[in-house]
Each structure stands twice: as structure tokens, then as C-alpha cells.
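Per-entry structural report
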Amino acid sequence: MNGTLFQWLEAQLESLKEQNLYKPLVVMETPSEARITVNGKKGVINLSSNNYLGLANHPKVKEAAIRAIERWGAGAGAVRPIIGTMSLHMELERRLAAFKHVEAALVFQSGFTANAGVIPTITDAEDVILTDELNHASIIDGVRLSKAQRKIYKHLDMNALEEALKESQGAKKRLIITDGVFSMDGDVAPLKEIVELAERYDAAVMVDDAHGSGVMGGGRGTAYHYGVHERIDIQLGTLSKAVGVMGGYIAGSARLIDWLTQRARPFLFSTAQPPAVVAAVLAAIELMETDSSLTERLWENTRYWKEGLRKLGFDTGVSVTPITPVMVGDEGRAQQLQRGLFEEGVMALAIVYPTVAKGKARVRTMPSAMHSKADLDDALMAFEKVGKRLGII
Ligand code: PMP
């Protein structure tokens, strides 16, 4: 390896370790379920997965993937606009549009590439993007890929957003972008107010609902929850969290989807999703639409979990969704909490800078529809024991 690069890498890694920011990979040896085997330890309660509804290892979802491999093979063979589009992809897009109650949808390889695909494709140098300061990294990268000017507004602050709209009156187009559910704090964007401001100032609105899809609005997302899905121009969803598989999509008007099909770079230049993935997603959506007990169980567990933590004296921040941060502050202590919990058989990952601001470290927990009350009670006992030992409660 080139010596200069080697030394640079070594110094970067050393610096991360000194700041308690170095995170070794945690390795699962079993499927994503309520209890998992991690780094050789069996029966660990999994509170860090985005598999909100337990669909990642659902028998019907797996069966659909297996059947699709037999019928269609393992890969799509090309990018979508060359000869990678199968009728299965088209079926999924029709299904997603119907599920979201919009005209059309376009599937990408992931939520990340959907953001990187849509934002630079619908904005140019004469435009202004108004973006919440806590928006997800993939929105930030999508905005970086755009030539538009950017204005970052204070988290959820509608006065700040209005101010930014007033200051950007000269722009050709304006695009407001927000997460629906914020992935680190579990709070929700005030979409009604955002839509009203957007209409008053002639701006378009895009919502990244990666954590709202399958969770909010009976599964149809945050915009649907607020009844504003017809007034939001662009909804982004992921197929990798509640849907349990892999992929992302944009839902919106037929014209928007038509344009993205012609110009969105990850759609044009990265191979189509494999058929097994598409079929598994279709089966997962079918389950979400027909079995409301999945979302009901998710929310019942969410209430039980949050109440349990609060009764023990933990600070769970401003969350109103299954994403439940246990606020710690200091990076080192958050990692001590993670390690202590793991010793007690609980997997809950510390989230530290740069994922969240310095001094806002936390252990992020996510109950799911898969957990039993016994799982959650055992996890609460572990939190109590380790939280007391570290002086967090
Ligand atoms: N947007 C948000 C708000 C997310 O939390 C995530 C996932 N971490 C993504 C986009 C990316 O989605 P995916 O994992 O499907 O790439």
C-alpha cells in the first residue's frame, strides 16, 4: 500500500479511537428477529433493528423471494433503462403508488440512492433548497450533489423556515426537504404547517419517510397520517426498514416519475434490483395492507417500552415514534452503556458523533412488532441494572 496513504489512514483511525468515536462492526449470526446471536452470544434481545414489523424473516416474504429466484433467476442483468426492467418491477411500482395513494412511483436500489437520485435531478443552479438541520445523511448528500443554493433551517422551526422562504423569493424554484420521522430523535415533522408555508410561498415539498413508512398512518406514512399526502410533491420511502427487505422509492405525480425515469443517475447507471428482492417487497406490502395487527403490535410495544424506560428515570428525549433514544450525552458513557447492556444480553447501539452532534450521544432503541412483553421486561431489567451502575438513572 502507498506509504503516505497508509500513514494518513492510521492517523485518522487513531484519532477516532482517542475520541471514543471508533465503532467496531457488530456481527449477527442469526436472522433479524427479537432475539439474536451476536458475536457468539445467544438469545440477545435486539433493540437496534429497523425491522419494525418483523417482515425481514417472515415466512411469506421468504417464500416469495425463493419462488422469484426459481421463476426469474438471481439478477436483473442490467440497469433499468437498458434491459433490467422486469414486469415484476413494474408491478411493484404500481403497487407502491396505490399503497401511497399517489399517481406513480419509481423504485431505487436503496433509500440512500433514491435521495441521491431525486434531489439533483429536480433542482439546478437557479433554485434554492430549504432543508431541516437534522435531515438524514442521504438527504445531505443528495443536496450536495445539486447545484442549487441551500438554506439549512433550525430543526422543526417553522419561523426559521418562513424566514428562509422570504429570503429566497428570487429563486426560480424552491424545494423544502424534511424527514417525516427523524431517525435519531424519533420526532415527527409538522407536515401540515410545512405544506401551508410551501403553498403560501410557492415552494415544492419533499418528505423522506424512511422511518414513517410501515409505521405512521397505518403503514402508509407520515404524510398520510396528517392527511396531506396529496399536497406533498415528493415522498421518499425505504423498502429496507419496516418493509424488511431492501430498496427505496419515490412516490408522486406521473410527471415527476417520468422525469426521474429519464434523468435520475442511480436509476440510469446502477443495476436494477434483483427479482427476489422485488418479489419479497411485494409480499411484505401485501402483509402490511392485509394484517393491521402488525402495526398495532408495533405501537403497543412502543407505548409499553417508552413508559417502562421513563418509569425507571431515563430521558427518552422528544420521541413520539418507535425510535426511542436513551439520552446519555457523553460519547464514552454511551458506549459504556452499550457494552454493559450487551453483557446483560441486550443489543442497543450507542449513537455518537458524527451521526448526532457532539455531546448528544445516546443509546438508540427500537421496539418492534416482534418483541414479546417478556423480551421488553428483560430488556428493562438490564437497562435498570446498567443505568444505575453508570449513574445515568
Ligand atoms: N432516509 C432516512 C431518514 C433514513 O433513516 C435512511 C436509513 N438509514 C435512509 C434514508 C436510507 O435508506 P436505505 O437504508 O434504504 O438506504
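None of these values were measured; they are calculated from a predicted model.

Digging into the site of the ligand
Taken together, 14 residues sit near the ligand, with G111, D208, T238, S240 and K241 positioned nearest. One of the side-chain N or O atoms of H211 is found 3.0 Å from an oxygen atom in the ligand. Burial of the ligand by the protein chains amounts to 85% of its free accessible area of 390 Å². Grouping the constituent residues of the shell around the ligand by class yields 2 nonpolar, 9 polar and 3 charged.

Topic: the UniProt feature "domain: Aminotransferase class I/classII large" (unreviewed entry) in the protein
Residues annotated by UniProt as "domain: Aminotransferase class I/classII large" (unreviewed entry) correspond here to residues 43-382. The annotated region residues 43-382 carries 44% helix and 16% strand content, and the separation between its end C-alpha atoms amounts to 14 Å.

A short note on the nonpolar core
By size, the foremost hydrophobic cluster in this structure holds 42 residues, and its most contacted members are Y52, L53, L55, L92, L96, L239 and V281. Of the residues forming this core, the biggest block, 12 residues, is contributed by helix α12 (residues 275-290). Split by domain, the residues of this core number at least three in each of domain 1 (20-49 + 292-390) and domain 2 (59-290). Setting aside chain neighbours within four positions, we find L239 in contact with L92, L96, V107, G244, V245, M246, G247, G248, Y249 and V281.

Describing the sheet that holds strand β13 (residues 361-365)
A sheet is described by the order of its strands in space; here 3 strands give the open sequence β10-β13-β12, paired in antiparallel fashion. Sheet topology places β10 (324-329) and β12 (350-351) at the edges, where each strand pairs with a single neighbour. Inspection of the sheet shows β12 paired to β13 by 2 bridges, in the antiparallel sense. Following the sheet pairing, A350 is matched in β13 by V363. Set on the sheet, helix α13 (residues 293-312) makes contact with β10 and β13; between it and β10 the angle comes to about 25°. Relative to β13, helix α14 (residues 331-343) is tilted by about 30°, and along the sheet it contacts β10, β12 and β13.

Some words on the packing of α14 against helix α15 (residues 373-389)
Running from N to C, α14 and α15 cross one another at 135°; their axes reach a closest spacing of 9 Å. Taken together, the axes of α14 and α15 lie oblique to each other. Both α14 and α15 take part in a crossing whose hand is right-handed. Contact with α14, carried on its side by L337, G340, L341 and E343, involves A382, F383, V386, G387 and R389 of α15 and no other residues of that element. Considering only residue class, the contact of α14 with α15 consists of 5 nonpolar, 2 polar and 2 charged.

How each quantity is defined
Residues numbered from 1 in each chain as written. Predicted model: local features only at pLDDT ≥ 70, side-chain atom pairs only at ≥ 80, totals over all residues. Heavy atoms only, no water. Near = heavy atom within 4 Å. Polar contact = N/O pair within 3.5 Å; in protein donor to acceptor, adjacent residues only side chain to side chain. Areas by Shrake-Rupley, 256 points an atom, 1.4 Å probe, with all protein chains shown as cover. Nonpolar A, V, L, I, M, F, W, Y, C, P; charged D, E, K, R; others polar. UniProt positions renumbered as here; feature names shortened; annotations may be inferred. Helix = DSSP H or I, 4+ residues; strand = E, 2+ residues; numbered from the N terminus. Core = buried A, V, L, I, M, F, W, Y, C linked by side-chain atoms within 4.5 Å. Buried < 20%, exposed > 50% of the residue type's maximum accessible area, 1.4 Å probe, protein only. Domains from an automatic or database assignment. Contact = heavy atoms within 4.5 Å. Pairing = 2+ DSSP bridges. Axes fitted to C-alpha atoms, helices over the stretch in contact; angles between N-to-C directions. Parallel < 35°, antiparallel > 145°, perpendicular 65-115°, else oblique. Left-handed = near helix turned anticlockwise from the far one by under 90°.

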